Amino acid sequence: MEDRFAFKSYYWSLGTTSFRMANFNLMIERQLQLIDQFWKLPSNANARWNSNQLLQESYYNFLKQENFIEGNAERKDKDAREKTSGLVDIGLLNDERHLTPVGRYLLKISNEGDFETDNFLQIPKDSFVYFLQLLKSYDANLKIRPFVILCKFLKKFGYLTWEEFAYLLPLCIDKESTLDIEDLVEKHRKQTISIDKAIINVFMKMDNYKSALNYFLNISSVDVDVLTQIGMNRKSRAYDAQYYPLYMALKKCYVENDMSDRAIIELFEKSKLKNVATYWRNLLFDSSLKSAKKSNPFAHLRANLFTDCHNERDFKTKFFKQMHLFKAKRSLDDYSDLNRRYFKVTDTVIYSDSIVEFDVLPKAFFDNVDDRFFDLAFKASNNLEELKSLKEISPFLNVDQACILDSLGNLFDVKVSDASQAKTLVYDERYKRFNKLVDEKFTSEKIIHLLQLFKERNDKEIQKLTTDGADAPTLFEYVLAIAWYQISERQGDVLKYMNLSLEADLMPQTHAGGGEADIVYKYPATKDYPKHDLLIEATLADSTNQRRMEMEPVSRHLGEYLCNNNKSNAYCIFLTNFLHLNVISDFRMRINQPYYGNGGGEISGMKISPMETDLLIAILQKNLKYGSLYKMCSDLFESELNPKEWYEELKNRIVNCA
């Protein structure tokens with residue numbers, strides 16, 4: 001049977017799912033570095049990328065050699081194309097996979113490790129580049145600019161729920177459909193239409209779906225070929241053959257009214273479809289446990305849209321719509337995570353509590369953008385590969401700063417007179433959100449649980465509980481900084497002290513460049529301690545690599561800090577999962593050794609206190625505050641104890657404190 005109905009896309013996405021990687025910022029920066037190195041190899045200097053399978057395979061092998069990817073792709077050339085296509089989509093690479101001017105500028109930022117803000121939106125330098133690029137980036141097939149569509153909706157509605165973001169926003173593929181989706185969002189919020197019904201309304205307006213349903217209703221005998229025709233699979237008809245056994249099992253139960261145990265168990269078995277099994281089983285059954293169906297299958301059937309089927313025509317209509325609804329939701333679910341990753345790199349959008357919204361300054365900015373700007377949402381960009389200013393992207397983005405300050409003031413119900421005051425307001429707002437984040441996600445109990453996971457190196461679970469935008473070492477530093485914020489009774493500017501790049505949602509992100517000391521905490525004088533600085537260094541290196549990797553850097557960071565801040569009363573705490581005895585010895589003896597700085601300075605008496613993660617867990621469990629901890633460390637620095645006994649005494653004092 002020849003194909004009668006062709007799939008036509010009715011939703012957009014950014015990039016490809018093969019580039020849906022954890023540590024998204026890092027992976028982009030790292031791949032820019034690697035592809036730049038790849039083209040500099042003499043064998044590749046004059047090669048062409050397109051239609052060059054051998055070169056593409058060579059790039060895949062190069063990525064694997066550099067530990068950028070794992071496994072062994074069945075089609076290396078295809079994987080290489082997919083790994084790079086997302087960077088083409090946002091203008092960092094051209095079609096031949098060479099760095100564009102924008103890509104080179106972003107690579108320069110990464111190589112220099114200079115991510116400080118240099119823009120009025122107060123977002124990091126690299127994020128501002130992504131912001132400019134996403135305003136220009138478009139879906140090549142549909143000629144739609146997804147980020148501009150998002151900005152349009154956030155301006156109109158103030159926020160989107162996660163369901164609206166994932167399932168409705170991508171259905172905006174032209175002006176007409178965008179107006180329809182705006183209407184559907186309003187109806188959804190008034191609870192006059194469900195998300196599922198909204199999706200069905202969209203695809204059932206399309207001629208190919210109408211024709212396919214009409215064909216399905218009027219054919220007398222349904223077989224596998226019929227199901228593969230009406231499935232309109234975008235890749236291959238063969239993928240939809242799995243729906244025929246489900247169709248027959250549903251028909252037996254709901255059209256032929258066979259509710260025997262055997263028929264229901266058969267329905268359960270046939271609902272296990274590749275990629276969409278969860279959707280079908282949640283619709284039909286109240287449990288995913290096969291044993292429950294065997295004990296009393298009928299009791300575990302949910303009431304569903306098929307329960308009240310009046311005839312076979314009604315059943316066919318419902319099956320057709322439900323099949324395409326679940327296929328659409330599966331794809332939209334898959335792409336929503338990818339879209340989120342791309343939008344997050346702009347650091348203008350916050351994803352929190354199942355809500356998507358602008359950060360405060362981007363909101364104030366777009367509140368003043370003329371609505372005529374959003375007409376660009378339906379136009380391809382001809383300058384994607386060039387770094388353009390906002391006003392070069394559109395004159396409507398050339399917003400008067402005074403207007404932005406007025407809008408910012410309206411958000412906070414204060415008069416904002418200058419950029420400095422605006423910066424203070426935004427920073428204070430960030431701290432409110434950060435403290436709320438700590439209250440909800442980083443209580444002492446949750447930090448202790450995370451520290452245990454770090455000991456086990458259960459990195460996937462750690463990212464699941466925090467963010468997959470950062471690698472384990474970065475997350476370790478972040479969690480330690482928050483732990484110390486709690487120990488210090490939330491005193492001090494910890495967002496600045498932690499020396500990490502934070503996304504708009506205040507979770508960390510990993511960059512390709514390195515830094516200096518991990519955390520630098522500054523304490524003013526109190527009754528419990530003098531004014532001083534604390535450098536917190538952290539590593540997840542095991543005991544085998546600890547001496548080689550950490551002894552010199554930790555001492556150097558503290559030594560250089562003291563040389564460069566000659567009036568500073570600073571010491572260092574080194575935190576790790578497992579301490580090597582010789583690391584303890586080395587750090588203990590630094591108090592008697594001079595240090596010669598790179599700039600010619602000289603200091604002596606470096607104080608470095610190593611701690612294992614278990615000791616930090618004990619501090620949190622006992623609710624030990626920094627004033628008491630400082631006295632313990634200070635007293636022991638002045639003691640005559642040898643290294644091993646010195647560390648054991650610190651442990652005893654912490655573990656046995658009241």
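Residues numbered from 1 in each chain as written. Predicted model: local features only at pLDDT ≥ 70, side-chain atom pairs only at ≥ 80, totals over all residues. Heavy atoms only, no water.

### Re the overall build of the protein
Phase 1 of the analysis: Counting its regular elements, the protein contains 29 helices and 11 strands.
Phase 2 of the analysis: Across its three principal axes, the protein shows a C-alpha extent of roughly 95 × 65 × 60 Å.
Phase 3 of the analysis: Burial status across the protein gives 54% buried among its 658 residues.
Phase 4 of the analysis: Accessible surface for the protein amounts to roughly 30,000 Å². Of this, 45% is attributable to carbon and sulfur atoms.
Phase 5 of the analysis: Once the 88 positive and 94 negative side-chain charges of the protein are each reduced to a mean point, those two points are 4 Å apart. (Helix = DSSP H or I, 4+ residues; strand = E, 2+ residues; numbered from the N terminus. Buried < 20%, exposed > 50% of the residue type's maximum accessible area, 1.4 Å probe, protein only. Areas by Shrake-Rupley, 256 points an atom, 1.4 Å probe, with all protein chains shown as cover. Lys, Arg positive; Asp, Glu negative; His and termini not counted. Charge placed at Lys NZ, Arg CZ, Asp CG, Glu CD.)

### Topic: the sheet that holds strand 3 (residues 355-358)
Phase 1 of the analysis: Taking strand neighbours across the sheet as the criterion, the 3 strands line up as 1-3-2 in an open arrangement whose pairing is antiparallel. Where the open sheet ends on each side, the last strands, each with one partner, are strand 1 (160-161) and strand 2 (349-352).
Phase 2 of the analysis: Pairing between strand 2 and strand 3: 4 bridges, direction antiparallel. Within the sheet, the bridge partner assigned to Y351 lies in strand 3 and is V356.
Phase 3 of the analysis: Where helix 6 (residues 146-157) meets the sheet, its contacts fall on strand 1, strand 2 and strand 3, and the angle it forms with strand 3 comes to roughly 90°. (Pairing = 2+ DSSP bridges. Contact = heavy atoms within 4.5 Å. Axes fitted to C-alpha atoms, helices over the stretch in contact; angles between N-to-C directions.)

### Side note on unusual backbone geometry
Phase 1 of the analysis: The phi dihedral of Q122 falls on the positive side, at around 60°, and the residue is not glycine.
Phase 2 of the analysis: Within the secondary structure, Q122 sits in the loop between helix 4 (101-112) and helix 5 (125-136).
Phase 3 of the analysis: You can call Q122 partly exposed: its relative accessible area is 27%.

### Some details on empty space enclosed by the protein
Phase 1 of the analysis: Under the defined criterion, the tally for this structure stands at 1 cavity of 30 Å³ or more.
Phase 2 of the analysis: As for the largest cavity, its lining consists of F24, N25, R340, R341, K344, V345, T467, D468, G469 and E503.
Phase 3 of the analysis: Where the lining of the largest cavity is concerned, the elements lending two or more residues are helix 1 (24-40) and helix 16 (312-344).
Phase 4 of the analysis: Of the residues belonging to the lining of the largest cavity, the class tally is 2 nonpolar, 3 polar and 5 charged. (1 Å grid on protein atoms, 1.4 Å probe; cavity = no way out; pocket = protein on both sides within 12 Å on 5 of 7 lines; lining within 4 Å. Points joined across faces, edges and corners; volume = space filled by probe spheres on them. Nonpolar A, V, L, I, M, F, W, Y, C, P; charged D, E, K, R; others polar.)

### Considerations on the sheet that holds strand 11 (residues 608-612)
Either a parallel or an antiparallel arrangement is found when strands of a sheet pair, and the pairing is made through backbone hydrogen bonds.
Phase 1 of the analysis: In spatial order, the strands read 6-7-8-11; together these 4 strands make up an open sheet with mixed pairing. Both outer strands of the open sheet, strand 6 (519-523) and strand 11, are each paired with one neighbouring strand and no more. When the angles between neighbouring strand axes are averaged without regard to direction, this sheet yields 20°.
Phase 2 of the analysis: Direction of pairing for strand 7 (residues 532-539) relative to strand 8 (residues 570-576): parallel, over a ladder of 7 bridges.

### Quick notes on the packing of aromatic side chains
Phase 1 of the analysis: Under the criterion given, the structure shown has 52 aromatic pairs.
Phase 2 of the analysis: Measuring from ring centre to ring centre gives 5.5 Å for Y523 and Y529, while their planes differ by 70°; the resulting arrangement is edge-to-face. There is no split in this pair, since Y523 and Y529 are both buried.
Phase 3 of the analysis: Directly above the ring of Y167 sits K329, whose terminal nitrogen or CZ lies 4.9 Å from the centroid. (Phe/Tyr/Trp six-rings, centres within 6.5 Å; stacked < 30°, edge-to-face > 60°. Lys NZ or Arg CZ within 6 Å of the ring centre and 35° of its normal.)

### So, helix 23 (residues 472-487)
Phase 1 of the analysis: With 16 residues, helix 23 should reach 22 Å at 1.5 Å per residue; the first-to-last C-alpha distance of 22 Å fits that figure.
Phase 2 of the analysis: E489 occupies a position one or two residues after helix 23 and carries a positive phi of about 55°. (Expected span 1.5 Å × (residues − 1).)

### With respect to the side chain of N383
Phase 1 of the analysis: Mapped onto the elements of the fold, N383 is located in the loop between helix 17 (360-367) and helix 18 (390-393).
Phase 2 of the analysis: The class of N383 is buried, set by a relative accessible area of 18%.
Phase 3 of the analysis: Apart from the residues within four sequence positions on either side, N383 is in contact with K136, K388 and E392.

### Here we look at the pattern of salt bridges
Phase 1 of the analysis: All told, the structure shown has 44 salt bridges when counted by the stated rule.
Phase 2 of the analysis: Measuring nitrogen to oxygen at the nearest pair gives 3.4 Å for the salt bridge that ties E182 to K152. Of this pair, E182 sits in helix 8 (residues 175-189) while K152 sits in helix 6, and the two are 30 residues apart along the sequence.
Phase 3 of the analysis: K152 sits in the partly exposed class, given a relative accessible area of 22%. (Salt bridge = Lys/Arg side-chain N within 4 Å of Asp/Glu carboxyl O.)

### Concerning a positive patch on the surface
Phase 1 of the analysis: A cluster of basic residues, K78, R234, K235 and K274, forms a positive patch at the surface.
Phase 2 of the analysis: Note on placement: K78 falls in helix 3 (residues 76-89).
Phase 3 of the analysis: Judged by its relative accessible area of 38%, K78 falls in the partly exposed class. (Patch = residues over 30% accessible without salt bridge, like charges linked within 9 Å, V, L, I, M, F, W, Y side chains within 5 Å.)

### Some words on the packing of helix 8 against helix 9 (residues 195-203)
Phase 1 of the analysis: Their axes nearest at 10 Å, the elements helix 8 and helix 9 cross at an angle of 160°. One element, helix 8, and the other, helix 9, form an angle in the roughly antiparallel class. Handedness of the helix 8/helix 9 crossing: right-handed. Residues I181, L184 and H188 of helix 8 form the contact with helix 9, whose participating residues are I195, A198, N201 and V202. (Parallel < 35°, antiparallel > 145°, perpendicular 65-115°, else oblique. Left-handed = near helix turned anticlockwise from the far one by under 90°.)

### With respect to the packing of helix 1 against helix 4
Phase 1 of the analysis: Between helix 1 and helix 4, whose axes approach to 10 Å, the crossing angle comes to 110°. What the angle tells us is that helix 1 and helix 4 run roughly perpendicular. Contacts from E29, L32, Q33 and D36 in helix 1 reach G103, R104, L106, L107, S110 and N111 in helix 4.
Phase 2 of the analysis: Of the residues belonging to the contact of helix 1 with helix 4, the class tally is 3 nonpolar, 4 polar and 3 charged.

### Side note on the state of the cysteines
Phase 1 of the analysis: On inspection of all chains with the given rule, the structure shows 0 disulfides.
Phase 2 of the analysis: Free cysteine C172: the closest other cysteine sulfur is in C151, separated by 13 Å.
Phase 3 of the analysis: Free cysteine: C309, not disulfide-bonded; nearest cysteine sulfur from C253 at 11 Å.
Phase 4 of the analysis: Accessibility expressed as a relative area gives 16% for C309, which makes it buried. (Disulfide = S-S within 2.5 Å.)

### Here we look at the environment of P170
Phase 1 of the analysis: Relative to the helices and strands, P170 resides in the loop between helix 7 (162-168) and helix 8.
Phase 2 of the analysis: Take P170: its relative accessible area is 1%, and that puts it in the buried class.
Phase 3 of the analysis: A C-alpha to C-alpha distance of 17 Å links P170 and K136, two positions 34 residues apart in sequence.
Phase 4 of the analysis: With sequence-adjacent residues up to four places away left out, P170 is seen in contact with Y10, Y11, W12, F165, L332 and N339.

### Some remarks on the environment of L620
Phase 1 of the analysis: Position of L620 relative to the elements: it lies in helix 27 (residues 613-621).
Phase 2 of the analysis: Beyond its immediate chain neighbours, meaning those up to four positions away, L620 contacts S444, I447, I448, L451, A483 and I487.

### Quick notes on the nonpolar core
Phase 1 of the analysis: Ranked by internal contacts, the top residues of the largest apolar core, which has 142 residues, are W280, F319 and F366.
Phase 2 of the analysis: Here the element with the most residues in this core is helix 16; it accounts for 11 residues.
Phase 3 of the analysis: Grouped together as the second largest cluster of nonpolar side chains are 83 residues, F442, I447, L450 and A570 included. (Core = buried A, V, L, I, M, F, W, Y, C linked by side-chain atoms within 4.5 Å.)

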